[in-house]
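Each chain, written out:
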Amino acid sequence: MTAFKDVKLGKIADILNGIPDSKQLESANKADMITYNFIQPNHLGIFNNIQSVSEIKRTTPVDENYFIRENDILLKRLNPDAATLINEDISNTTFSSNLFVIRVFKDYCPSYIACLLENHGIAWLNGNIVGSIAPIKSISIKALAELNIPVIEYKKQEAIGQMWLLCKKRKQLMINLIAEDQRLMAAAIKNITEKNARGGQNDGHYQKRY
């Protein structure tokens, strides 16, 4: 059995915490306010997707390091349950202090790291939080930086990352298919019961006439 060498996540990625959610005081001249798209934890879906964004206004510019980029990995600070891999640059978009962005260095495949975070790292993080029986679990940059990442060749990283992304897509398709099946079944039952009810009313009408 091949033994894999491990490396700490903090050695192979920048880990950033976002900007505060609280609104800044509006300046006397509102034209001085800068508007940004803003990603918060409740905007993240479970299928590697961003469902929506909100807006945030600031009197000072956001540092360019805090704009969402292609291959960024987003992770919730409170009760993390999934990793979200960004598949393209999102213009003028920053992120909440209740999110972390993991920005992987070039020698590592972002989808591989996201897969490990979601399937191994989150369980480790949740299991090592002091007071982890509490309903709200909070992780830190320090804890993330200490995660062990198995070092494998880049092509294998890509293969594992693609498997993870395809698994996400399959799950989404299956859920959509089940929802559509349920919708069709409900429509069929409604159609039958409504026709039966109309037929029963007609039978009563005929009985009264004859």
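All values derive from a computational prediction rather than experimental measurement.

Calculation rules
- Residues numbered from 1 in each chain as written.
- Predicted model: local features only at pLDDT ≥ 70, side-chain atom pairs only at ≥ 80, totals over all residues.
- Heavy atoms only, no water.
- Phe/Tyr/Trp six-rings, centres within 6.5 Å; stacked < 30°, edge-to-face > 60°.
- Helix = DSSP H or I, 4+ residues; strand = E, 2+ residues; numbered from the N terminus.
- Buried < 20%, exposed > 50% of the residue type's maximum accessible area, 1.4 Å probe, protein only.
- 1 Å grid on protein atoms, 1.4 Å probe; cavity = no way out; pocket = protein on both sides within 12 Å on 5 of 7 lines; lining within 4 Å.
- Points joined across faces, edges and corners; volume = space filled by probe spheres on them.
- Nonpolar A, V, L, I, M, F, W, Y, C, P; charged D, E, K, R; others polar.
- Pairing = 2+ DSSP bridges.
- Axes fitted to C-alpha atoms, helices over the stretch in contact; angles between N-to-C directions.
- Contact = heavy atoms within 4.5 Å.

A closer look at the packing of aromatic side chains
The relative placement of two aromatic rings is captured by the distance of their centres and the angle of their planes. For the structure shown, the criterion picks out two aromatic pairs. Seen in terms of ring centroids, Tyr36 and Phe67 are 5.8 Å apart; in terms of plane orientation they differ by 50 degrees. Their pairing is tilted. Placement of the pair is Tyr36 in strand β3 (residues 34-39) and Phe67 in the loop between β4 (54-58) and β5 (73-76), with a sequence separation of 31 residues. The buried category is assigned to Tyr36, whose relative accessible area is 4%. Ring plane angle 25 degrees and centroid distance 5.9 Å describe the contact between Tyr66 and Phe95, whose orientation is recorded as stacked. You can see Tyr66 sitting in the loop between β4 and β5 and its partner Phe95 sitting in strand β7 (residues 93-95), a full 29 residues away along the chain. For Phe95, a relative accessible area of 0% gives the class buried.

Quick word on the layout of surface pockets
The volume enclosed by the largest pocket comes to roughly 340 Å³. As for the largest pocket, its lining consists of 17 residues, of which Asn48, Leu85, Asn87, Leu165 and Lys169 are closest to the centre. Breaking the lining of the largest pocket down by element, the ones donating at least two residues are α2 (110-127) and α4 (154-209). When its residues are assigned to classes, the lining of the largest pocket shows seven nonpolar, seven polar and three charged. Taken as a whole, the second largest pocket holds about 180 Å³ of empty space. Lining of the second largest pocket is provided by Ile46, Phe47, Asp81, Ala82, Glu118, Asn119, Trp164, Cys167, Lys168 and Lys171. Of all the elements in the fold, those that place two or more residues in the lining of the second largest pocket are α2 and α4. Looking at the lining of the second largest pocket, the element that brings in the most residues is α4, giving four residues.

Let's talk about the sheet that holds β7
Strand order in the open sheet formed by three strands is β4-β3-β7, with mixed pairing between adjacent strands. Edge positions in the sheet fall to β4 and β7, since each of these pairs with one other strand and no more. Adjacent strand axes in the sheet meet at a mean angle of 50 degrees when their direction is disregarded. By the bridge criterion, five bridges tie β3 to β4 in an arrangement that is antiparallel. Along β4, the bridge assignment pairs Asn37 with Glu55.

Details of the side chain of Thr93
Its place among the elements puts Thr93 in strand β7. In contact with Thr93, not counting residues within four places along its chain, are Asn37, Ile39, Tyr66, Phe67 and Ile68.

Topic: unusual backbone geometry
A negative phi angle characterises most non-glycine residues, just as the trans form characterises most peptide bonds. Positive phi values are uncommon outside glycine, yet Asn71 reaches one of about 75 degrees. Position of Asn71 relative to the elements: it lies in the loop between β4 and β5. Phi at Asn92 is positive, roughly 55 degrees, even though this residue is not glycine. Its location among the elements puts Asn92 in the loop between β6 (83-85) and β7. The partly exposed category is assigned to Asn92, whose relative accessible area is 37%.

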